[in-house]
Amino acid sequence: MIAWSTSKVPVAMAIYDAGLEGVQSPNLRAAITQSDNDAAMALWQALGSGEVAADASTAELRAAGDFTTDIESRTLAEGYTPFGQTLWSLADQARFVAGMPCLNAGREVLALMGEAVQPWGLAAVGVPAKHKGGWGPGSQPGGTGGYLERQMGMLTVDGKQIAIAIANLPADGSHPTGTRNLTAIAQWAVEHVDVSDASRRAQCS
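Just so it is clear, the model here is predicted, and its values are computed rather than measured.

J.: Please provide a residue-by-residue account of the overall build of the chain, values included.
T.: Within the chain, the secondary structure is distributed over 7 helices and 3 strands. Sequence-ordered secondary structure for the chain, helices as α and strands as β, is α-α-α-α-α-α-β-β-β-α. Radius of gyration (C-alpha) of the chain: 16 Å, near the 17 Å computed for a compact globule of 205 residues. A total of 205 residues make up the chain; the buried ones form 49% of that total. At a minimum sequence separation of 6, the contacts of the chain that also span at least 24 residues come to 62%. When the accessible surface of the chain is summed, it comes to about 9,100 Å², and 50% of that surface belongs to carbon and sulfur atoms.

Have a look at this one:
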């Protein structure tokens, strides 16, 4: 399933690990809190663009515990970011989010995710949330079709930290329906999650 703008998170983390967070601070904030594509492309280009940027971003996935996903380096769909066309499963994405608090770059980007402005899904269920969404036409890299909506993030439920990744392909293919569905999915998850074995902080090796 295509990552869309959720892939901006490992790109942003790579900026921190490259020591570029000072000069790129406005782009980091815009890319994560507002999902600004121009700002995210500026981060990508600062990393070297193409395979160089993709390798740096993929390294962030590996560091956080996703050993499967590779950030896409090529422009597969005209008018869209290369990294946004990454194939990223929900299971791998949740595993990655769970590992973010164990990394300095991950903690920095999670802080920005706590300021994200999208008001649906994980942000709309009444618990503290650090989240990043992604949406666009099509569910497969380079393809087209109805909108795919997805979000990943860290929720605090009963004082426990929960990594979560959700997605929806709305029947009518529209962004508004998709965001409403994401909110319903997120609400269901919060109401049914069992936090009895969860930790109050990340378990890092």
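J.: Let's hear about the packing of aromatic side chains: which residues, and what values?
T.: The full count for this structure, using the stated rule, is 4 aromatic pairs. Measuring from ring centre to ring centre gives 5.2 Å for Trp-4 and Tyr-80, while their planes differ by 70°; the resulting arrangement is edge-to-face. Taken together, the residues span a long stretch of sequence, with Trp-4 in the segment before helix 1 (8-17) and Tyr-80 in the loop between helix 4 (50-64) and helix 5 (90-99) at a distance of 76 residues. Overall, Tyr-80 belongs to the partly exposed group, its relative accessible area being 37%.

J.: Quick one: what's the story with helix 6 (residues 104-113), residue by residue and with numbers?
T.: All of the buried residues in helix 6 are Ala-105, Gly-106, Val-109, Leu-110, Leu-112 and Met-113. Angularly, the buried residues of helix 6 cover 155° about the axis, an arc narrow enough to put them on a single face. In the core, the buried residues of helix 6 are packed alongside helix 1, helix 2 (25-33), helix 4, strand 1 (129-137) and strand 2 (147-157).

J.: Tell me what's going on with the layout of surface pockets, and back it up with residues and numbers.
T.: By volume, the second largest pocket is sized at about 180 Å³. Together, 14 residues line the second largest pocket, and Trp-4, Ser-5, Asn-37, Tyr-80 and Trp-135 are the ones closest to its centre. Among the elements that take part in the lining of the second largest pocket, strand 1 stands out by supplying 4 residues, more than any other. In terms of residue class, the lining of the second largest pocket is made up of 5 nonpolar, 8 polar and 1 charged.

J.: Can you tell me about unusual backbone geometry, naming the residues and giving the values?
T.: Leave glycine aside and you will find that most residues have negative phi; peptide bonds, for their part, are mostly trans. Backbone geometry at Trp-4 places phi at a positive 50°, although glycine is not the residue there. Residue class for Trp-4 comes out buried when judged on its relative accessible area of 7%. The backbone of Ser-49 sits at a positive phi, close to 65°, despite the residue not being glycine. For Ser-49, a relative accessible area of 30% corresponds to the partly exposed category.

J.: Residues and numbers for the packing of helix 1 against helix 6, please.
T.: At a minimum axis separation of 9 Å, helix 1 and helix 6 run at an interaxial angle of 130°. Classified by the interaxial angle, the pair formed by helix 1 and helix 6 is oblique. The hand of the helix 1/helix 6 crossing is right-handed. Seen from helix 1, the contacting residues are Val-9, Ala-12, Met-13, Tyr-16 and Asp-17; seen from helix 6, they are Ala-105, Gly-106, Glu-108, Val-109, Leu-112 and Met-113.

J.: Tell me about the sheet that holds strand 1, and please be specific about residues and values.
T.: If you trace the 3 strands from one edge of the open sheet to the other, you get 1-2-3, paired in antiparallel fashion. Of all strands in the sheet, those bounded by a partner on one side alone are strand 1 and strand 3 (160-168). The sheet shows a mean angle of 5° between the axes of neighbouring strands, taken without regard to direction. Relative to strand 2, strand 1 is paired through 9 bridges, and the arrangement is antiparallel. Bridge pairing in strand 2 places His-131 opposite Gly-153. Packed on one face of the sheet, helix 6 meets strand 1 and strand 2 and runs near 75° to strand 1.

Conventions we followed
- Per-chain numbering applies: the sequence of each chain, read as written, is numbered from 1 onward.
- With the structure being a predicted model, the display of local features is reserved for residues of pLDDT at least 70 and the display and counting of side-chain atom pairs for 80 or more, all residues being used for whole-chain, interface and lining totals.
- Only heavy atoms go into the side-chain values, all of them from the structure, while hydrogens and water stay out.
- The helix count covers DSSP runs of H or I at least four residues long, the strand count covers runs of E at least two residues long, and both are numbered beginning at the N terminus.
- C-alpha atoms define the radius of gyration in this analysis, and the globule rule sets the expected value at 2.2 Å times the number of residues to the power 0.38.
- Whether a residue is buried, partly exposed or exposed follows from its accessible area with a 1.4 Å probe, protein chains only, as a fraction of its type maximum: under 20%, in between, or over 50%, in that order.
- Between two residues, a contact is recorded if the distance between any of their heavy atoms is within 4.5 Å.
- The Shrake-Rupley method, run with a 1.4 Å probe sphere, supplies the accessible areas, and residue values consider only the shown protein chains as cover.
- Planes of paired rings set the category: under 30 degrees apart is stacked, over 60 is edge-to-face and the rest tilted, where pairs are Phe, Tyr or Trp rings (Trp by its six-membered ring) whose centres lie within 6.5 Å.
- The directions considered for the arc run from the helix axis to the C-beta atoms.
- Space inside and on the surface of the protein is sampled on a 1 Å grid over the protein atoms alone, with a cavity defined as a set of points where a 1.4 Å probe fits but cannot get out and a pocket as an open set with protein on both sides within 12 Å along at least 5 of 7 lines; lining residues have an atom within 4 Å of a point.
- Grid points are joined across faces, edges and corners, and a volume is the space filled by probe spheres set on the points.
- Under the convention adopted here, Pro, Cys and the residues Ala, Val, Leu, Ile, Met, Phe, Trp and Tyr are nonpolar, Asp, Glu, Lys and Arg are charged, and Gly plus all remaining residues are polar.
- Whenever a helix is involved, its axis is fitted only over the stretch in contact; in every case the axis is a line through C-alpha atoms, and angles between N-to-C directions fall within 0 to 180 degrees.
- The cut-offs work like this: below 35 degrees is roughly parallel, past 145 is roughly antiparallel, 65 to 115 is roughly perpendicular, and the gaps in between are oblique.
- Should the near helix be turned anticlockwise from the far one by less than a right angle, the crossing is termed left-handed; should it be turned clockwise, right-handed.
- For two strands to count as paired, DSSP must find a minimum of two bridges between them.

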